[in-house]
Amino acid sequence: MLVSLANWTDPKKRKVAALQALQERDEGRLLELHRTYLALKGRRRASVSARTLETYEIGIRDFLAWVWPVGAAGPRVPLYEVGGDELDAWMHALETEGGHLVEEEQRRPLRPASLAARLAGVRSLYRALSWAGVASVPQTLSPADPTPAHERRPALPQALYKKLLEHLTGEDAELKRDHLAARLMGEAGLRLSEVVALDVEHVFLGEETLEVKRGKGGKARSLPLGRGLVKELEAWLKLRQAHAKAGEAALLINLGGRKASGQRMSPRMLQLRFARYYDELDFPTRYRGVHMLRHTSGTRLYRGLKDLYAVATLLGHSDVNTSAIYAKMDREDLKARVEGLEEPT
(Lines give C-alpha, C1' and ligand atoms only; values in the text may rest on other atoms or scores of the structure.)
Protein backbone atom coordinates (compact mmCIF):
# COMPACT_ATOMS: atom_id res chain seq x y z
CA MET A 1 0.00 0.00 0.00
CA LEU A 2 1.60 3.26 -1.18
CA VAL A 3 0.87 6.40 0.85
CA SER A 4 1.93 10.02 0.84
CA LEU A 5 3.86 10.83 4.01
CA ALA A 6 3.75 14.61 3.53
CA ASN A 7 2.48 16.38 6.67
CA TRP A 8 1.67 13.09 8.40
CA THR A 9 4.97 11.90 9.89
CA ASP A 10 5.73 15.12 11.74
CA PRO A 11 3.48 15.21 14.88
CA LYS A 12 2.89 18.98 14.80
CA LYS A 13 2.14 19.12 11.08
CA ARG A 14 -0.02 16.00 11.41
CA LYS A 15 -2.20 17.59 14.09
CA VAL A 16 -2.64 20.83 12.13
CA ALA A 17 -3.40 19.04 8.85
CA ALA A 18 -5.84 16.61 10.49
CA LEU A 19 -7.74 19.37 12.29
CA GLN A 20 -7.97 21.37 9.08
CA ALA A 21 -9.26 18.34 7.18
CA LEU A 22 -11.98 17.83 9.82
CA GLN A 23 -13.04 21.45 9.81
CA GLU A 24 -13.21 21.61 6.01
CA ARG A 25 -14.67 18.14 5.48
CA ASP A 26 -11.69 17.29 3.26
CA GLU A 27 -12.49 13.67 2.47
CA GLY A 28 -9.36 13.14 0.39
CA ARG A 29 -7.04 14.34 3.16
CA LEU A 30 -8.83 12.29 5.80
CA LEU A 31 -8.48 9.15 3.66
CA GLU A 32 -4.81 9.98 3.14
CA LEU A 33 -4.30 10.31 6.90
CA HIS A 34 -6.07 7.01 7.41
CA ARG A 35 -3.90 5.21 4.84
CA THR A 36 -0.77 6.64 6.42
CA TYR A 37 -1.90 5.49 9.85
CA LEU A 38 -2.58 1.95 8.60
CA ALA A 39 0.79 1.78 6.85
CA LEU A 40 2.77 3.06 9.84
CA LYS A 41 0.75 2.05 12.88
CA GLY A 42 -1.83 -0.54 11.77
CA ARG A 43 -1.61 -4.16 12.88
CA ARG A 44 -0.72 -5.29 9.35
CA ARG A 45 1.26 -2.19 8.45
CA ALA A 46 1.88 -1.78 4.71
CA SER A 47 0.60 -5.31 3.99
CA VAL A 48 -3.06 -4.35 4.50
CA SER A 49 -4.98 -5.73 1.53
CA ALA A 50 -6.57 -3.56 -1.13
CA ARG A 51 -9.93 -5.14 -0.36
CA THR A 52 -9.70 -4.31 3.35
CA LEU A 53 -8.72 -0.74 2.52
CA GLU A 54 -11.62 -0.42 0.07
CA THR A 55 -14.06 -1.74 2.69
CA TYR A 56 -12.77 0.70 5.32
CA GLU A 57 -13.00 3.64 2.94
CA ILE A 58 -16.59 2.83 1.95
CA GLY A 59 -17.50 3.02 5.65
CA ILE A 60 -15.59 6.27 6.12
CA ARG A 61 -17.12 7.92 3.06
CA ASP A 62 -20.62 6.78 4.06
CA PHE A 63 -20.23 8.19 7.56
CA LEU A 64 -19.01 11.52 6.20
CA ALA A 65 -21.96 11.61 3.79
CA TRP A 66 -24.32 11.12 6.75
CA VAL A 67 -22.71 13.34 9.37
CA TRP A 68 -21.94 16.16 6.95
CA PRO A 69 -23.82 15.81 3.64
CA VAL A 70 -22.18 17.43 0.64
CA GLY A 71 -23.62 20.94 0.25
CA ALA A 72 -24.77 21.19 3.87
CA ALA A 73 -23.79 24.32 5.81
CA GLY A 74 -22.11 22.22 8.46
CA PRO A 75 -22.01 18.82 10.17
CA ARG A 76 -24.58 17.36 12.53
CA VAL A 77 -21.82 17.52 15.13
CA PRO A 78 -18.21 18.70 14.75
CA LEU A 79 -16.22 15.76 13.38
CA TYR A 80 -13.68 16.01 16.20
CA GLU A 81 -16.52 15.64 18.76
CA VAL A 82 -18.15 12.51 17.30
CA GLY A 83 -19.04 9.98 20.01
CA GLY A 84 -20.91 6.74 20.45
CA ASP A 85 -24.32 8.41 20.15
CA GLU A 86 -23.53 9.70 16.66
CA LEU A 87 -22.26 6.29 15.56
CA ASP A 88 -25.40 4.64 16.94
CA ALA A 89 -27.61 7.09 15.02
CA TRP A 90 -25.64 6.50 11.81
CA MET A 91 -25.86 2.72 12.23
CA HIS A 92 -29.60 2.99 12.78
CA ALA A 93 -29.93 4.93 9.54
CA LEU A 94 -27.93 2.28 7.68
CA GLU A 95 -30.01 -0.53 9.17
CA THR A 96 -33.36 1.07 8.41
CA GLU A 97 -32.72 3.17 5.29
CA GLY A 98 -29.46 2.03 3.68
CA GLY A 99 -26.13 3.56 2.73
CA HIS A 100 -25.59 7.22 1.91
CA LEU A 101 -23.34 6.85 -1.13
CA VAL A 102 -26.25 6.23 -3.53
CA GLU A 103 -29.46 8.09 -4.34
CA GLU A 104 -32.34 7.62 -1.89
CA GLU A 105 -34.41 5.52 -4.28
CA GLN A 106 -31.50 3.06 -4.63
CA ARG A 107 -30.90 2.58 -0.92
CA ARG A 108 -31.52 -0.74 0.78
CA PRO A 109 -31.25 -1.53 4.52
CA LEU A 110 -27.90 -3.11 5.35
CA ARG A 111 -27.43 -6.44 7.08
CA PRO A 112 -25.43 -6.83 10.31
CA ALA A 113 -22.24 -8.02 8.55
CA SER A 114 -22.24 -4.95 6.29
CA LEU A 115 -22.99 -2.68 9.26
CA ALA A 116 -20.06 -4.13 11.18
CA ALA A 117 -17.73 -3.66 8.21
CA ARG A 118 -18.67 0.02 7.83
CA LEU A 119 -18.36 0.62 11.55
CA ALA A 120 -14.87 -0.93 11.48
CA GLY A 121 -13.84 1.59 8.85
CA VAL A 122 -15.00 4.58 10.90
CA ARG A 123 -13.36 3.25 14.05
CA SER A 124 -10.14 2.87 12.09
CA LEU A 125 -10.41 6.48 10.89
CA TYR A 126 -10.85 7.72 14.45
CA ARG A 127 -7.84 5.71 15.60
CA ALA A 128 -5.92 7.64 12.94
CA LEU A 129 -7.40 10.92 14.22
CA SER A 130 -6.45 9.93 17.77
CA TRP A 131 -2.91 9.30 16.50
CA ALA A 132 -3.02 12.82 15.07
CA GLY A 133 -4.13 14.15 18.45
CA VAL A 134 -7.40 15.73 17.31
CA ALA A 135 -10.13 13.28 18.34
CA SER A 136 -10.82 10.27 20.52
CA VAL A 137 -12.11 6.89 19.33
CA PRO A 138 -15.91 6.75 19.86
CA GLN A 139 -17.18 3.66 21.64
CA THR A 140 -20.20 1.64 20.53
CA LEU A 141 -21.10 -2.02 20.15
CA SER A 142 -20.76 -3.80 16.82
CA PRO A 143 -24.05 -5.21 15.50
CA ALA A 144 -24.47 -8.94 15.98
CA ASP A 145 -26.04 -11.17 13.34
CA PRO A 146 -28.34 -13.79 14.93
CA THR A 147 -27.96 -16.02 11.85
CA PRO A 148 -25.07 -18.50 12.27
CA ALA A 149 -22.13 -17.92 9.91
CA HIS A 150 -22.57 -21.32 8.24
CA GLU A 151 -26.15 -20.35 7.35
CA ARG A 152 -25.20 -16.91 6.04
CA ARG A 153 -22.37 -18.19 3.86
CA PRO A 154 -23.02 -21.82 2.91
CA ALA A 155 -20.68 -23.89 0.78
CA LEU A 156 -21.58 -24.57 -2.84
CA PRO A 157 -23.04 -28.10 -2.98
CA GLN A 158 -20.91 -30.59 -4.89
CA ALA A 159 -23.61 -31.05 -7.56
CA LEU A 160 -23.57 -27.30 -8.31
CA TYR A 161 -19.78 -27.19 -8.17
CA LYS A 162 -19.56 -29.96 -10.77
CA LYS A 163 -22.13 -28.13 -12.87
CA LEU A 164 -20.00 -24.99 -12.73
CA LEU A 165 -16.87 -26.87 -13.80
CA GLU A 166 -18.76 -28.48 -16.67
CA HIS A 167 -19.94 -25.03 -17.74
CA LEU A 168 -16.33 -23.86 -17.81
CA THR A 169 -15.13 -26.80 -19.89
CA GLY A 170 -14.06 -25.97 -23.44
CA GLU A 171 -11.19 -25.05 -25.74
CA ASP A 172 -11.53 -21.30 -25.26
CA ALA A 173 -8.52 -19.88 -23.39
CA GLU A 174 -10.70 -17.77 -21.07
CA LEU A 175 -12.74 -20.82 -20.10
CA LYS A 176 -9.58 -22.79 -19.37
CA ARG A 177 -8.26 -19.96 -17.19
CA ASP A 178 -11.53 -19.60 -15.28
CA HIS A 179 -11.85 -23.38 -14.88
CA LEU A 180 -8.42 -23.35 -13.23
CA ALA A 181 -9.39 -20.38 -11.04
CA ALA A 182 -12.53 -22.22 -9.91
CA ARG A 183 -10.50 -25.28 -8.92
CA LEU A 184 -7.86 -23.22 -7.12
CA MET A 185 -10.63 -21.74 -4.95
CA GLY A 186 -12.98 -24.74 -4.81
CA GLU A 187 -10.36 -27.43 -4.18
CA ALA A 188 -7.08 -25.81 -3.09
CA GLY A 189 -9.05 -23.35 -0.93
CA LEU A 190 -7.48 -20.09 -2.09
CA ARG A 191 -9.16 -16.77 -1.43
CA LEU A 192 -10.02 -14.56 -4.42
CA SER A 193 -7.23 -12.14 -3.50
CA GLU A 194 -4.76 -15.03 -3.24
CA VAL A 195 -5.68 -16.44 -6.63
CA VAL A 196 -5.13 -13.19 -8.53
CA ALA A 197 -1.91 -12.54 -6.58
CA LEU A 198 -0.33 -15.83 -7.69
CA ASP A 199 2.76 -15.58 -9.87
CA VAL A 200 4.10 -18.25 -12.19
CA GLU A 201 7.10 -18.65 -9.90
CA HIS A 202 4.78 -19.70 -7.06
CA VAL A 203 3.91 -22.93 -8.90
CA PHE A 204 6.21 -25.94 -8.36
CA LEU A 205 4.99 -28.66 -10.69
CA GLY A 206 7.76 -31.12 -9.84
CA GLU A 207 6.95 -30.91 -6.14
CA GLU A 208 3.19 -30.71 -6.80
CA THR A 209 3.12 -27.66 -4.55
CA LEU A 210 1.76 -24.13 -4.69
CA GLU A 211 3.10 -21.26 -2.60
CA VAL A 212 0.71 -18.56 -1.44
CA LYS A 213 2.99 -15.60 -0.80
CA ARG A 214 0.36 -12.96 -0.09
CA GLY A 215 -2.26 -14.57 2.10
CA LYS A 216 -4.64 -12.80 4.46
CA GLY A 217 -2.73 -10.64 6.91
CA GLY A 218 0.42 -11.02 4.84
CA LYS A 219 0.82 -14.67 5.90
CA ALA A 220 2.42 -17.16 3.47
CA ARG A 221 1.75 -20.90 3.20
CA SER A 222 2.57 -23.87 0.97
CA LEU A 223 -0.17 -26.11 -0.41
CA PRO A 224 0.10 -29.69 -1.69
CA LEU A 225 -1.80 -30.16 -4.94
CA GLY A 226 -3.68 -33.12 -6.31
CA ARG A 227 -2.42 -34.66 -9.56
CA GLY A 228 -5.44 -33.47 -11.52
CA LEU A 229 -4.85 -29.87 -10.51
CA VAL A 230 -1.13 -30.20 -11.25
CA LYS A 231 -1.90 -31.38 -14.79
CA GLU A 232 -4.31 -28.49 -15.31
CA LEU A 233 -1.73 -26.00 -14.07
CA GLU A 234 0.87 -27.49 -16.41
CA ALA A 235 -1.48 -27.16 -19.40
CA TRP A 236 -2.39 -23.58 -18.47
CA LEU A 237 1.25 -22.53 -18.13
CA LYS A 238 1.88 -23.68 -21.71
CA LEU A 239 -1.23 -21.90 -23.00
CA ARG A 240 -0.42 -18.76 -21.01
CA GLN A 241 2.89 -18.31 -22.83
CA ALA A 242 1.03 -17.42 -26.02
CA HIS A 243 -0.98 -14.64 -24.33
CA ALA A 244 1.10 -13.12 -21.51
CA LYS A 245 2.80 -9.77 -22.03
CA ALA A 246 6.58 -9.78 -21.89
CA GLY A 247 7.75 -9.71 -18.29
CA GLU A 248 4.29 -10.37 -16.79
CA ALA A 249 4.68 -12.48 -13.64
CA ALA A 250 0.99 -13.22 -12.91
CA LEU A 251 -0.32 -16.77 -13.23
CA LEU A 252 -3.83 -15.64 -14.25
CA ILE A 253 -3.92 -12.97 -16.95
CA ASN A 254 -6.56 -11.01 -18.83
CA LEU A 255 -7.43 -12.34 -22.28
CA GLY A 256 -9.65 -11.28 -25.15
CA GLY A 257 -7.87 -8.35 -26.77
CA ARG A 258 -8.68 -5.77 -24.10
CA LYS A 259 -6.37 -2.94 -23.10
CA ALA A 260 -5.06 -4.99 -20.18
CA SER A 261 -4.84 -8.21 -22.18
CA GLY A 262 -1.86 -10.29 -21.14
CA GLN A 263 -1.61 -8.60 -17.75
CA ARG A 264 -2.63 -9.69 -14.25
CA MET A 265 -6.35 -10.10 -13.62
CA SER A 266 -7.97 -7.92 -10.98
CA PRO A 267 -10.17 -9.42 -8.25
CA ARG A 268 -13.12 -7.45 -9.61
CA MET A 269 -12.72 -8.87 -13.10
CA LEU A 270 -12.79 -12.44 -11.78
CA GLN A 271 -15.79 -11.64 -9.59
CA LEU A 272 -17.73 -10.29 -12.57
CA ARG A 273 -16.92 -13.30 -14.71
CA PHE A 274 -18.15 -15.74 -12.08
CA ALA A 275 -21.25 -13.64 -11.43
CA ARG A 276 -22.05 -14.04 -15.13
CA TYR A 277 -21.53 -17.81 -14.94
CA TYR A 278 -23.87 -18.05 -11.94
CA ASP A 279 -26.48 -16.12 -13.93
CA GLU A 280 -26.07 -18.38 -16.96
CA LEU A 281 -26.46 -21.45 -14.74
CA ASP A 282 -29.37 -19.89 -12.83
CA PHE A 283 -27.88 -20.81 -9.45
CA PRO A 284 -30.03 -19.98 -6.39
CA THR A 285 -29.19 -16.62 -4.83
CA ARG A 286 -27.80 -18.20 -1.66
CA TYR A 287 -25.25 -20.10 -3.74
CA ARG A 288 -23.59 -17.17 -5.46
CA GLY A 289 -20.34 -15.36 -4.81
CA VAL A 290 -16.75 -16.26 -5.55
CA HIS A 291 -15.82 -16.74 -1.88
CA MET A 292 -18.36 -19.56 -1.67
CA LEU A 293 -15.92 -21.69 -3.66
CA ARG A 294 -13.45 -21.47 -0.78
CA HIS A 295 -16.20 -22.68 1.54
CA THR A 296 -16.71 -25.61 -0.82
CA SER A 297 -13.03 -26.44 -0.44
CA GLY A 298 -13.27 -26.15 3.34
CA THR A 299 -16.14 -28.64 3.61
CA ARG A 300 -14.41 -30.99 1.15
CA LEU A 301 -11.18 -30.88 3.15
CA TYR A 302 -12.96 -31.45 6.45
CA ARG A 303 -15.00 -34.32 5.03
CA GLY A 304 -11.86 -36.02 3.76
CA LEU A 305 -9.45 -35.27 6.62
CA LYS A 306 -11.69 -34.93 9.71
CA ASP A 307 -8.82 -32.89 11.17
CA LEU A 308 -9.53 -29.21 11.90
CA TYR A 309 -5.85 -28.43 12.49
CA ALA A 310 -4.95 -29.74 9.04
CA VAL A 311 -7.84 -27.78 7.50
CA ALA A 312 -6.69 -24.60 9.28
CA THR A 313 -3.16 -25.07 7.96
CA LEU A 314 -4.28 -25.63 4.38
CA LEU A 315 -6.72 -22.71 4.38
CA GLY A 316 -4.39 -20.30 6.17
CA HIS A 317 -6.53 -19.82 9.29
CA SER A 318 -4.65 -18.49 12.32
CA ASP A 319 -7.38 -19.85 14.63
CA VAL A 320 -8.60 -23.44 14.33
CA ASN A 321 -12.03 -22.29 15.51
CA THR A 322 -12.42 -20.45 12.21
CA SER A 323 -12.05 -23.80 10.44
CA ALA A 324 -14.69 -25.42 12.64
CA ILE A 325 -17.39 -23.66 10.64
CA TYR A 326 -16.75 -26.07 7.75
CA ALA A 327 -17.88 -28.99 9.84
CA LYS A 328 -21.22 -27.21 10.22
CA MET A 329 -21.35 -26.28 6.53
CA ASP A 330 -21.32 -29.89 5.37
CA ARG A 331 -24.99 -30.01 4.49
CA GLU A 332 -24.59 -33.03 2.23
CA ASP A 333 -23.19 -35.14 5.07
CA LEU A 334 -26.00 -33.92 7.33
CA LYS A 335 -28.58 -34.75 4.66
CA ALA A 336 -27.13 -38.24 4.22
CA ARG A 337 -27.36 -38.86 7.95
CA VAL A 338 -30.96 -37.67 8.13
CA GLU A 339 -31.92 -39.81 5.14
CA GLY A 340 -30.30 -42.78 6.91
CA LEU A 341 -32.65 -42.50 9.85
CA GLU A 342 -35.39 -45.08 10.03
CA GLU A 343 -38.83 -43.74 9.22
CA PRO A 344 -41.30 -43.96 12.11
CA THR A 345 -43.66 -46.92 11.89
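What counts and how
- Residues numbered from 1 in each chain as written.
- Predicted model: local features only at pLDDT ≥ 70, side-chain atom pairs only at ≥ 80, totals over all residues.
- Heavy atoms only, no water.
- Phe/Tyr/Trp six-rings, centres within 6.5 Å; stacked < 30°, edge-to-face > 60°.
- Helix = DSSP H or I, 4+ residues; strand = E, 2+ residues; numbered from the N terminus.
- Buried < 20%, exposed > 50% of the residue type's maximum accessible area, 1.4 Å probe, protein only.
- Patch = residues over 30% accessible without salt bridge, like charges linked within 9 Å, V, L, I, M, F, W, Y side chains within 5 Å.
- Areas by Shrake-Rupley, 256 points an atom, 1.4 Å probe, with all protein chains shown as cover.
- Salt bridge = Lys/Arg side-chain N within 4 Å of Asp/Glu carboxyl O.
- Lys, Arg positive; Asp, Glu negative; His and termini not counted.
- Charge placed at Lys NZ, Arg CZ, Asp CG, Glu CD.
- Pairing = 2+ DSSP bridges.
- Contact = heavy atoms within 4.5 Å.

Student: In this structure, what is going on with the packing of aromatic side chains? I would like to understand it.
Tutor: Throughout the structure, instances matching the rule amount to five aromatic pairs. Seen from their ring centres, Y37 and W131 are 5.9 Å apart, and the 50° between their planes marks the pair as tilted. Residue Y37 is found in helix α2 (residues 27-41), and its partner W131 is found in helix α5 (residues 112-132); the two are separated by 94 residues along the sequence. Taking the centre distance of 5.2 Å and the plane angle of 75° together, the rings of F63 and W90 count as edge-to-face. Note that F63 is positioned in helix α3 (residues 50-67) and W90 in helix α4 (residues 84-96), a separation of 27 residues in sequence. With respect to class, F63 is no different from W90; both count as buried. Every member of this aromatic cluster is reached through a ring pair, and the members are F63, W66 and W90.

Student: What is the right way to read a negative patch on the surface from this model?
Tutor: Together, E97, E103, E104 and E105 line one region of the surface with negative charge. Mapped onto the secondary structure, E103 falls in the loop between α4 and α5.

Student: Help me out: how do you make sense of the sheet that holds strand β2 (residues 209-212) in this one?
Tutor: The strands making up a sheet are joined through hydrogen bonds of the backbone, oriented either antiparallel or parallel. Strand order in the open sheet made by the three strands is β1-β2-β3, with antiparallel pairing throughout. Strands with a single pairing partner mark the edges of an open sheet, and in this sheet they are β1 (203-204) and β3 (221-224). Across two bridges, the pairing between β1 and β2 is antiparallel. Across the sheet, F204 pairs through a bridge with T209, a residue of β2.

Student: Help me understand the side chain of H202, please; the structure alone is not making it clear to me.
Tutor: Checked against the element boundaries, H202 lands in the loop between α9 (192-197) and β1. Those residues in contact with H202, other than ones at most four positions away along the chain, are A197, T209, L210, E211, K213 and R214.

Student: Please clarify how the pattern of salt bridges should be interpreted in this entry.
Tutor: Pairs can form between side chains of opposite charge whenever their charged atoms are close. Inspection of every chain in the model, using the stated rule, returns 16 salt bridges. E174 serves as the salt-bridge partner of R273, at 3.7 Å between the closest nitrogen and oxygen. Highlighted residues: R273 in helix α11 (residues 267-281) and E174 in helix α8 (residues 173-186), separated in sequence by 99 residues. This pair shows no difference in class: R273 is buried, exactly as E174 is. Here E232 and R183 are joined by a salt bridge, their closest N and O atoms 2.8 Å apart.

So far we have only geometry, and geometry alone does not tell us how the molecule works.
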